[in-house]
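Fold and geometry: a report
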Amino acid sequence: MGALFRSEEMNLCQIFLQSEAAYACVSELGELGLVQFKDLNPDVNAFQRKFVNEIMRCDEMERKLRYIEKELKKDEMKIPDNNENPKAPAPKEMIDLEATFEKIESELREVNTNAEALRRNFLELSELREVLKKTQVFFEEHGGHHSLIDDAQMALVHEEAGMSSATVQLGFVAGVVPREKIPVFERMMWFACRGNVFLRYEDIHEVMKDPVTGDEIHKSVFIVFYQGEQLKARVRKICEGFKAVLYPCPENAQDRFEMSNGVATRLEDLKTVLYQTEEHRRRVLASAQKEIRQWVIKVKKIKAIYHTLNLCNFDLSHNSLIAECWCPVVALEDVQRALRHGTELSGSTVPSILHRMSTKDTPPTFFQTNKFTEVFQGIIHAYGVADYQEVNPAPYTIITFPFLFAVMFGDVGHGFIMFLFGLWMVAYEKKLQSQKSDNEVWNIFFGGRYIIMMMGLFSVYTGLIYNEVFAKSVNIFGSSWMPDYDEEALENNKDLTLNPRTMFDNTTGPYPIGLDPIWLSSLNKITFTNSFKMKMSITVGISQMLLGVLLSVVNHVYYRNWLNVFCQFLPELFFLLCLFGYLVGLIFYKWVAYDNTCTQCAPSLLIHFINMFLVKYQHAKEGFEEQSYHCGTADPDITECTSQTVFYPNQMIIQLTLVVLALLCVPTMLFIKPFVLRSRHNKMMKRREGLSAVSQSALIHNEELDEQSGTGNGTADKDMELGTRTPLIVDEDRQTTVHSSEVKLSINGEGGELNHADTNDQDADVPKGDDFDFSEIFIGQAIHTIEYCLGCISHTASYLRLWALSLAHSQLSEVLWGMLFRISLTMDIPYGGSVLIFAVFAVFAVLSVGVLLVMEGLSAFLHTLRLHWVEFQSKFYHGNGYNFDAFSFKHLQNAELDD
């Protein structure tokens, strides 16, 4: 749990892998999932890397697996998920996997091709059988073949120019056409042939299937009589245009009967062959169905390993791979153990070497989370990933997030329903997770099951404080109020206003837990609850902002940023406490010091807080100060003190002191830090110039020594000849003597950091390099100061949303109860009252879940999210880091081929 407060300490490591052991070692690191590899070949094209051929082979295997998966889904065969996580196969096993996939794919393609040809032949024979059957019906309806031809002749042949109908020879064609094209087909045949054709058609009632797609198709049988070759050609062209299929149909009934018997025999044979083909296809798919999930995981792992190996450098001289990776310090032993295990599996005799490196690169941010803390960490990462080793807001969010939500959603009934829903998802999480639903809304709810359960549980607690259960109060301990209303007033609900001075019983004390239930029937309920919830919202909000400011000093101390501690944290803390911390103190003082006996002297905190800045004070008349200071000495009949009267001794002096301290914090935050940074920068630049002059004089001194010795080969040659003799340099600033070899000037990657052998690391705020811009630093500090000072005011006001949404939720619940349930309970309907109450309760339950739980709960969730991201995290959290993206096989266990 300690790592959750601050990200894990990371280290950049270099791994030397022998070529024969590289695959097995990377596979073991993938199973471990605690290493993030760096790309050492960023300028190399993906197609020019060493293992591109292996990756292409994996892509081909994935293509074949997708084809097999598509065939399984076509037959509605579910892929079993046994939650198995097979190891990545060895490189030699790739050949066996490729051969297996190739065999299954070729068998399926061959079976599908044969089955498609058989289904097409079966469809043609079925259509021919229907044509023969329907044409036989056509002829029988007209009294035989010759009678139908006679009818066609009477319809087509006209007695013109002495032509006899007996001399006309008619031909006919028969076939099938899609049913939806029949009306258009009939009109086209009539207009194109000028009415010189005779068409009959009838629908095929048997449902047929497309041989390719398997979709149902509906067709009709038609027969067309025509006269002459010209009309014959025209009729055939029309049939071809409408994709009608023509079948041979004998004119003789005996021939049609014999052909129909032959077609029926061939159809029976085709059914047998089709059944055997489908059975063979099912056997092939059934054998693949058991293994395809493991095959997918294996291929994904192989591909991931080769992708990772492509990130490494290849050392030809030592036949090894060099990789660089980020790794948590606590996991270094596990990584070394995984490397040793991978070397043993590969049979290599040369061990893999893990070398820790020093670097100035910013490490990634990594938090060890479980399934409970993961959802809260996800809320933080949605705003931004924490900087390396920055304070993590997630542990505090685990408590504050559901609590702030519950402040806005306080109702025992609604909270208990939400808690039961979250508890159900948590109790059956393994079963629900194995179903792998594609519903995005459900996946969001299931992913946040723990936070839903926590929000419901906290809402039950705040509901007890508010004493609200579905907009009704519960009287468990008895009310402390003694109203003097008669029964008539209670029945008519007239002017039921609670007066604290006359109706509260001081002997019994307040209600033990939460609000007194009598407030539900009072007309001044809103006045009381508004005051209570508003003060509570301010108290909770300032407490959370104070926590954020206190967490900022943890970051400053950890990074050794002492300038921010004294010039940023302390002014921010004093500014917040002097103004808004004082306001919280006044709230508690008013709650403790004033009771129902001196309500006329109770101060108006808002007016007093405004007068604090206006330096405007109203004192009680002489002799009545004690009554305004102490509630116990106040006389209820004397009204010399008001809500604007000074209510404690030395109030003016204390408030003026707090205002002055708060105002002094502003220039402290604004001016001190930029000028201190400029002073440090100037001091560093002067020191650099001094060291440069010293090093230059050392070079001149060495040249003089060379000239005196007569060599003239420079300092380096002279040092080589003299062995260990090195000239001395005197550092006048530090009054120390050092060798010239100990003076080192270097410029870092950002251009300008001074490194000295005897110089310690300075504060993190020391400016690096020559590009120090005082105006930029001053403007940035001014923006931070204005943002914080104005933010304290606006953020305090922003926490009033806790009061507003709590009031809205309470009023919506009360309206829903009064508009639905209460009306049905007051109706006196004999025998039908129970049915009415049942129906009204159903509507009440649906609206309660849909409006109050879902919509109102979502609104409260979003407002809670804003309070954490803006009001809380802005005080200490930067979120400019990047996440630790470990090379891991864990996410491949539920991987799909389309991922």
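This structure is a prediction, so every number in the text was calculated from the model and none was measured.

Definitions and limits used
Residues numbered from 1 in each chain as written. Predicted model: local features only at pLDDT ≥ 70, side-chain atom pairs only at ≥ 80, totals over all residues. Heavy atoms only, no water. Helix = DSSP H or I, 4+ residues; strand = E, 2+ residues; numbered from the N terminus. Buried < 20%, exposed > 50% of the residue type's maximum accessible area, 1.4 Å probe, protein only. Contact = heavy atoms within 4.5 Å. Areas by Shrake-Rupley, 256 points an atom, 1.4 Å probe, with all protein chains shown as cover. Pairing = 2+ DSSP bridges. Axes fitted to C-alpha atoms, helices over the stretch in contact; angles between N-to-C directions. pLDDT = per-residue confidence, 0-100. Core = buried A, V, L, I, M, F, W, Y, C linked by side-chain atoms within 4.5 Å. Patch = residues over 30% accessible without salt bridge, like charges linked within 9 Å, V, L, I, M, F, W, Y side chains within 5 Å. Salt bridge = Lys/Arg side-chain N within 4 Å of Asp/Glu carboxyl O. Polar contact = N/O pair within 3.5 Å; in protein donor to acceptor, adjacent residues only side chain to side chain. Parallel < 35°, antiparallel > 145°, perpendicular 65-115°, else oblique. Left-handed = near helix turned anticlockwise from the far one by under 90°. Nonpolar A, V, L, I, M, F, W, Y, C, P; charged D, E, K, R; others polar.

**Examining the overall build of the protein chain**
- Helix and strand content of the protein chain: 26 helices and 13 strands.
- The buried share of the protein chain, taken over its 899 residues, is 44%.
- Taking all contacts inside the protein chain whose residues are at least 6 apart in sequence as the whole, residues at least 24 apart take part in 81%.
- With the model as given, the accessible surface of the protein chain reaches about 48,400 Å², and the carbon-plus-sulfur share is 58%.

**Comments concerning the side chain of Gln14**
- The residue Gln14 is located in strand β1 (residues 10–18) in this model.
- Residue Gln14 is classed as buried on the basis of its relative accessible area of 17%.
- Beyond its immediate sequence surroundings of up to four residues, Gln14 is in contact with Ile322, Ala323, Glu324, Ile353, Leu354, His355 and Met357.

**Here's the deal with the sheet that holds strand β8 (residues 245–247)**
- As summarised here, the arrangement of the 4 strands in space is β4-β7-β3-β8, forming an open sheet in which the pairing is antiparallel. Strands with a single pairing partner mark the edges of an open sheet, and in this sheet they are β4 (198–203) and β8. Averaged over all pairs of adjacent strands, the angle between their axes in this sheet comes to 25°, without regard to strand direction.
- Of the strand pairs in this sheet, β4 and strand β7 (residues 219–226) are connected by 6 bridges, and their pairing is antiparallel.

**Notes on the confidence of the model for the protein chain**
- Taken over all residues, the pLDDT of the protein chain has a mean of 82, while the share at 70 or more is 84%.
- Segment residues 158–167: pLDDT under 50, and 4 contacts once partners within four positions in sequence are set aside and those in other chains are kept.
- For the stretch residues 710–766, pLDDT sits under 50, and the model shows 82 contacts to residues farther than four places along the chain or on other chains.

**Here we look at the nonpolar core**
- Ile451, Phe575 and Leu802 are the most contacted members of the largest nonpolar core, which totals 79 residues.
- Take this core: its biggest share by element is 13 residues, from helix α19 (residues 562–593).
- Judged by nonpolar contacts, the second largest core, of 59 residues, contains Val26, Met94, Val299 and Cys312.

**Topic: unusual backbone geometry**
- We note that Ala471 has phi near 70°; this positive angle belongs to a residue other than glycine.
- Tracing the chain through its elements places Ala471 in the loop between α15 (449–466) and α16 (487–492).
- For Ala471, a relative accessible area of 8% puts it in the buried group.
- Even without being a glycine, Asn650 presents a positive backbone phi close to 55°.
- The topology assignment puts Asn650 in the loop between α21 (625–629) and α22 (651–709).
- Given the relative accessible area of 52%, Asn650 is considered exposed.

**So, a nonpolar patch on the surface**
- Nonpolar side chains collect at one region of the surface, where Leu812, Val843, Leu847, Val849, Val851, Val854 and Met855 lie side by side and expose about 530 Å² of accessible area between them.
- Looking at which element gives the most residues to the nonpolar patch, the answer is helix α26 (residues 833–872), with 6 residues.
- Among the secondary structure elements, Leu847 is positioned in helix α26.

**Some remarks on the pairing of β1**
- Most of β1 sits out of view: 8 of its 9 residues are buried.
- As judged from the 9 bridges shared by β1 and strand β10 (residues 320–328), these two strands associate in the antiparallel manner. Bridge pairing in β10 places Met10 opposite Pro328.
- For β1 and strand β11 (residues 353–357), the ladder comprises 5 bridges, and the chain directions are antiparallel. In the sheet register, Leu12 faces β11, and the bridge partner there is Met357.

**Some words on the side chain of His868**
- As for its placement among the helices and strands, His868 is situated in helix α26.
- Among the polar contacts listed, one links the side chain of His868 to the side chain of Thr400, at a separation of 2.7 Å.
- With sequence-adjacent residues up to four places away left out, His868 is seen in contact with Thr397, Thr400, Phe401, Leu404, Gln544 and Gln873.

**Overview of the packing of helix α2 (residues 19–32) against helix α9 (residues 332–346)**
- Where α2 meets α9, the closest approach of the two axes is 8 Å, and the angle between their N-to-C directions is 140°. Judged by the angle between their axes, α2 and α9 are oblique. Between α2 and α9 lies a crossing whose hand is right-handed. From α2, Glu20, Ala21, Ala24, Cys25, Glu28, Leu29 and Leu32 reach across to α9, where they touch Asp334, Val335, Ala338, Leu339, His341, Gly342, Thr343, Leu345 and Ser346.
- Here the contact of α2 with α9 is built from residues that sort into 9 nonpolar, 4 polar and 3 charged.

**Topic: the pairing of strand β3 (residues 171–178)**
- Of all 8 residues making up β3, 8 are buried, and the element is well covered by its neighbours.
- Burial along β3 is two-sided: Gly171, Val173, Gly175 and Val177 and Phe172, Ala174, Val176 and Pro178, pointing in opposite directions, are all buried.
- Direction of pairing for β3 relative to β7: antiparallel, over a ladder of 8 bridges. From the neighbouring strand, Gly171 faces β7, where its bridge partner is Tyr226.
- Examined bridge by bridge, β3 and β8 share 3 bridges and lie antiparallel to one another.

**Observations regarding the packing of α19 against helix α20 (residues 605–614)**
- Where α19 contacts α20, the two axes come as close as 11 Å, and the packing angle between them is 145°. Every pair of crossing elements has a handedness; the one defined by α19 and α20 is right-handed. On α20, the residues touching Cys578, Leu579, Phe580, Tyr582, Leu583, Leu586, Ile587 and Lys590 of α19 are Leu605, Phe609, Met612 and Phe613.
- Here the contact of α19 with α20 is composed, by residue class, of 11 nonpolar, no polar and 1 charged.

**Concerning the pattern of salt bridges**
- Under the criterion given, the structure shown has 31 salt bridges.
- A salt bridge links Glu102 to Lys64; the nearest nitrogen and oxygen atoms lie 2.6 Å apart. A residue pair is termed long-range when its members are at least 10 positions apart, and Glu102 in helix α4 (residues 93–141) and Lys64 in helix α3 (residues 52–74) qualify at 38 residues.
- Relative accessible area serves as the criterion here: at 39%, Glu102 is assigned to the partly exposed category.
- The residue Glu429 makes a salt bridge to Arg449 at a minimum N-O spacing of 2.9 Å. Highlighted residues: Glu429 in helix α13 (residues 429–435) and Arg449 in helix α15, separated in sequence by 20 residues.
- Connected via shared salt-bridge partners are Asp59, Glu62, Lys300 and Lys303.

**Considering the environment of Ser531**
- Structurally, Ser531 is set in helix α18 (residues 525–558).
- Remark: the alpha-carbon pair of Ser531 and Trp803, spanning 272 residues in sequence, is separated by 9.3 Å.

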